[in-house]
Amino acid sequence: MQVRSPLVWQPHFERMPPLTGYVMDRSAPVVSIEDLKPDIGDAAVTLHVCVTCRAGEEGEDIVRPGRRLHDALVEALRREDGPRDFRIVEVECLSNCNRGCSAALTGPGRWSYIYGDLNESSVDDLLTGAARYAATADGLVPWRERPMIFRKGVIARVPPSATPV
Ligand code: FES
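Figured I'd write up the structure that's included with this text. (Residues numbered from 1 in each chain as written. Predicted model: local features only at pLDDT ≥ 70, side-chain atom pairs only at ≥ 80, totals over all residues.)

## Things to note about the sheet that holds strand β1 (residues 46-50)
What counts, and what does not: Strand pairing is assigned whenever DSSP detects at least two bridges linking the two strands. By definition, any uninterrupted DSSP run of H or I lasting at least four residues is a helix, any uninterrupted run of E lasting at least two residues is a strand, and each is numbered from the N terminus. Lines fitted to C-alpha atoms define the axes here, with helix axes fitted over just the stretch in contact, and angles between the N-to-C directions of these axes take values from 0 to 180 degrees. Note on contacts: residues are paired as contacts if their backbone-placed C-beta atoms lie within 7 Å.
Spatial strand order, β2-β1-β3-β4-β5: 5 strands in an open sheet with mixed pairing. In the strand order of this sheet, the two ends are held by β2 (87-91) and β5 (154-158), each with one partner. If you compare each strand with its neighbour and ignore which way they point, the axes differ by 20° on average. Two elements, strand β3 (residues 103-106) and strand β4 (residues 112-115), share 3 bridges in a ladder whose sense is antiparallel. Looking across to β4, one finds that Ala104 is bridged to Ile114. Against the sheet, helix α2 (residues 65-79) makes contact with β1 and β2, and its axis sits at roughly 145° relative to β1, the strand it touches most.

Below, the structure written as structure tokens:
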């Protein structure tokens, strides 16, 4: 018996029920790339934080857990003295909705990482991990120096962009 993918015979993918109870958040307003400019500093290394993550919380009147995590990170970074070697930029959906809250670390010439299962208690570890990431040339922080949330919550890593020859 031939098994057909539901994507083949369903007339529209949108009509399929979510497989996990969560789907990519499509309710967020459309924001132009100009509105996504960094809100802290002008450093090259960026900690992107998804502000639309619900992390299982429902309701339209709530401040989303992703937004709460972002704001807590920005506030904690503001309280730190000294130069900042990375910036925090909010983003709407990193396609990791099933394991939100979500964040991503990127930087020129560096491997990029996406992390999940984050919450407001992750703030200190996220800032520590981001600072260690920023201190590398390639984004590869030694395993033992990575905060536990980076070890357990890593979703994916992406190699640096190839340099044109
Ligand atoms: S809403 Fe999709 S990763 Fe946060």
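## Focus: the pairing of β3
Rules: Labels follow a simple rule on C-beta atoms placed from the backbone: if 20 or more others lie within 10 Å of a residue's own, it is buried; if 12 or fewer, it is exposed; otherwise it is partly exposed.
Where burial is concerned, the two faces of β3 agree: the one with Ala103 and Leu105 and the one with Ala104 and Thr106 are both buried. The sheet contact formed by β1 and β3 spans 4 bridges and is antiparallel. Residue pairing for β3: Thr46 is matched across the bridge by Thr106.

## Section: the nonpolar core
Note the cut-off: By our criterion, buried Ala, Val, Leu, Ile, Met, Phe, Trp, Tyr and Cys residues that link up through C-beta atoms within 7 Å make up a nonpolar core.
Counting 29 residues, the largest nonpolar core has Leu47, Val49, Cys50, Ala103, Tyr115, Leu118 and Ala130 as the members making the most contacts within it. Breaking this core down by element, the ones donating at least two residues are β1, α2, β3, β4, α3 (123-134) and α4 (148-152). Per element, the largest residue contribution to this core is 4 residues, and it comes from α3. With near-sequence residues (within four places) excluded, Tyr115 lies in contact with Ser102, Ala103, Ile149, Phe150, Gly153, Val154 and Ile155.

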